[in-house]
Amino acid sequence: MTENNNKIPFNEDNYTHNINRNNERKLDRRGFMKTLVGAAGVFAISSLPWGATAAKELMGLGDKEYPHKKITDLKSIGVGDAVDFAFPGEHDSAILIRLSDEKFVAYQNACTHLRCPVFWDKKEEEMICPCHHGKFDVQTGSPIAGPPRRPLPEIQVKVDKGAVYAVRVKRYET
Amino acid sequence: MKREYISVAILCAILMLNIIFTQYMVHQYFYEHYANTIISGAMNILLFPAAIFVYKRDQKMQKGMKSHE
Ligand code: FES
């Protein structure tokens, strides 16, 4: 082919004399490797926000105290009853259960499976998720049946002057 | 294995590891194991320079092979 290029005019024995395919496969391979490297880059960059939020969770938010919030009056919740409330945000629905005269427990009641609201079954003494029959232990919030695998986040409560207040949200155990 | 395919194989392995680490990272995040999340995220980030290194090395090897021909 190189001899042809030097002869003007050269023999037009075919019409593809100016198509050079010698390096085509090499370029392909190189492009493929570039794509792989690029994919690694995309993976690396997309890991950044996950790492950042994880680090934030680990250090900052750890044990944040929210402004105390009144849930209900002592009089209006009998032993074995439950009330729904929202804590710490307006949309973080939660449930307070009175287990005995003294003992109150509260959890964020979005099921740790797919976030259906968990309710308190007084007869069974269990917290039940209606969506896929997940059950939670009322003492600890840990899952005891069904699809949920993580405990419900516990909310610390405080009884003060005839009313129940929500104080803070406990971290999940890791 | 032919020598010129080793780099490609390594890069494919890196991509595979990327996928595994990403999957692990996301899962550990939702399981609230944040330290594990950070570790696998860091592995993902470290794999990128490794991939660049493999690519560069391969490019050099290719050039070397050509000049020997
Ligand atoms: S959402 Fe609660 S069990 Fe599925």
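In case you missed it, the structure is sitting above this.
Read on for a plain summary of the structure. Just so you know, these numbers come straight off a predicted model, no measurement behind them. Throughout this description, residue numbers start from 1 for each chain and increase along the sequence as written. A letter from A marks each chain and a number from 1 marks each ligand, given out in the order of writing. Totals for whole chains, interfaces and linings use every residue, but because this is a predicted model, local features are given only for residues with pLDDT of at least 70 and side-chain atom pairs only at 80 or more, for both listing and counting. Side-chain descriptors were evaluated using all non-hydrogen atoms of the structure, hydrogens and water having been removed beforehand.

Another aspect to go through is the overall build of chain A. Helix and strand assignments come from DSSP, with helices taken as H or I runs of at least 4 residues and strands as E runs of at least 2, each series counted from the N terminus. Along chain A, the regular secondary structure elements total two helices and 10 strands. Each helix and strand of chain A, ordered N terminal to C terminal, gives the series α-α-β-β-β-β-β-β-β-β-β-β. Burial classes: relative accessible area under 20% of the type maximum marks a residue as buried, over 50% as exposed, and values in between as partly exposed (1.4 Å probe, protein chains only). The buried share of chain A, taken over its 174 residues, is 33%. When contacts within chain A are restricted to residue pairs at least 6 apart in sequence, those whose partners lie at least 24 apart make up 40%. In short, Shrake-Rupley with a 1.4 Å probe defines the accessible areas, and a residue's cover is counted only from the protein chains shown. For chain A, the accessible surface area stands at approximately 11,200 Å², while carbon and sulfur atoms represent 52% of it. In what follows, residue pairs with any heavy atoms lying within 4.5 Å of each other are defined as contacts.

So, about the side chain of B:Q28. All names here are of chain B. Relative to the assigned elements, Q28 resides in helix α1 (residues 6-30). Owing to a relative accessible area of 11%, Q28 belongs among the buried residues under this scheme. In this structure, Q28 is in contact with H33, N36 and T37, ignoring residues within four places of it in sequence.

The subject of this paragraph is the packing of aromatic side chains. In this analysis, rings of Phe, Tyr and Trp, with Trp reduced to its six-membered ring, are considered paired at centre separations within 6.5 Å, and the interplanar angle assigns stacked below 30 degrees, edge-to-face beyond 60, and tilted for intermediate values. In the structure shown here, the tally under the stated rule is four aromatic pairs over all chains. With 5.2 Å between their ring centres and 85° between their planes, A:W50 and B:Y29 make a pair best called edge-to-face. Taken together, the positions of A:W50 in helix α2 (residues 24-59) and B:Y29 in helix α1 put the pair across two chains. Look at B:Y29 and B:Y34: their rings are 5.5 Å apart centre to centre, the planes differ by 70°, and that puts the pair in the edge-to-face class. By the burial criterion, B:Y29 is buried, and B:Y34 matches it.

Moving on: the state of the cysteines. Residues and elements named next belong to chain A. Disulfide: a pair of cysteine sulfur atoms within 2.5 Å of each other. Counting across every chain of the model gives one disulfide over all chains. In this model C116 forms its disulfide with C131; the gap between the sulfur atoms is 1.8 Å. The sign of the -90° torsion about the S-S bond sets the C116-C131 disulfide as left-handed. Remark: C131 occurs in the loop between β6 (126-129) and β7 (134-136) and C116 occurs in the loop between β4 (104-108) and β5 (119-121); sequence separation between them is 15 residues. Given the relative accessible area of 15%, C116 is considered buried. Residue C131 is classed as partly exposed on the basis of its relative accessible area, which comes to 36%.

With that settled, consider unusual backbone geometry. Generally, phi is negative for residues other than glycine and the peptide bonds are trans, each holding for most cases. Residue and element names in this part refer to chain A. Phi at E125 takes a positive value of approximately 55°, unusual for a residue other than glycine. With respect to the element layout, E125 can be found in the loop between β5 and β6. Judged by its relative accessible area of 55%, E125 is exposed. Notably, K161 is not glycine yet its phi reads approximately 50°, a positive angle. Residue placement: K161 occurs in the loop between β9 (154-160) and β10 (163-169).

With that settled, the discussion passes to the interface of chain A and chain B. Contacts between chain A and chain B engage 28 residues on the former and 33 residues on the latter. For the pairing of chain A and chain B, the buried interface totals around 2,700 Å² over both sides, and the portion due to carbon and sulfur atoms is 74%. Within this document, salt bridges are pairs made up of a side-chain nitrogen of Lys or Arg and a carboxyl oxygen of Asp or Glu, the two lying within 4 Å of each other. In this structure, the connection of chain A to chain B is made through one salt bridge. A:R29 serves as the salt-bridge partner of B:D58, at 2.6 Å between the closest nitrogen and oxygen. Two N or O atoms count as a polar contact when they lie within 3.5 Å, although within protein this holds only if one can serve as hydrogen donor and the other as acceptor, and sequence-adjacent residues are included solely when both atoms are side-chain atoms. Linking chain A to chain B there are three residue pairs in polar contact (both at pLDDT 80 or more). Gly falls in the polar group here, along with every residue not listed as nonpolar (Ala, Val, Leu, Ile, Met, Phe, Trp, Tyr, Cys, Pro) or charged (Asp, Glu, Lys, Arg). Class assignment of the residues belonging to the side of chain A that touches chain B gives a composition of 14 nonpolar, five polar and nine charged. By definition, the buried area sums, over both parts, the 1.4 Å-probe accessible area that each loses when the two are put together.

What follows concerns a positive patch on the surface. Residues A:R30, A:K34, B:K56, B:K60 and B:K63 make up a contiguous surface patch of positive charge. Counting residues per element, the ones that place at least two in the positive patch are α2 of chain A together with α2 (34-68) of chain B. Among the elements that line the positive patch, the one with the most residues is α2(B), at three residues. Turning to its location among the elements, B:K63 is positioned in helix α2. Each patch is built from salt-bridge-free residues with over 30% relative accessible area, joining like charges within 9 Å and nonpolar side chains (Val, Leu, Ile, Met, Phe, Trp, Tyr) within 5 Å. His is not counted, nor are the chain ends; Lys and Arg add positive charge and Asp and Glu add negative charge. Charge positions are represented by NZ for Lys, CZ for Arg, CG for Asp and CD for Glu.

Right, let's get into the pattern of salt bridges. All names here are of chain A. Inspection of the entire model under this criterion finds six salt bridges over all chains. Between D81 and K122 there is a salt bridge whose closest N-O contact spans 3.1 Å. Taken together, the residues D81 in the loop between β1 (65-73) and β2 (82-86) and K122 in the loop between β5 and β6 connect sequence positions 41 residues apart. Residue classification places D81 among the partly exposed positions, given a relative accessible area of 29%.

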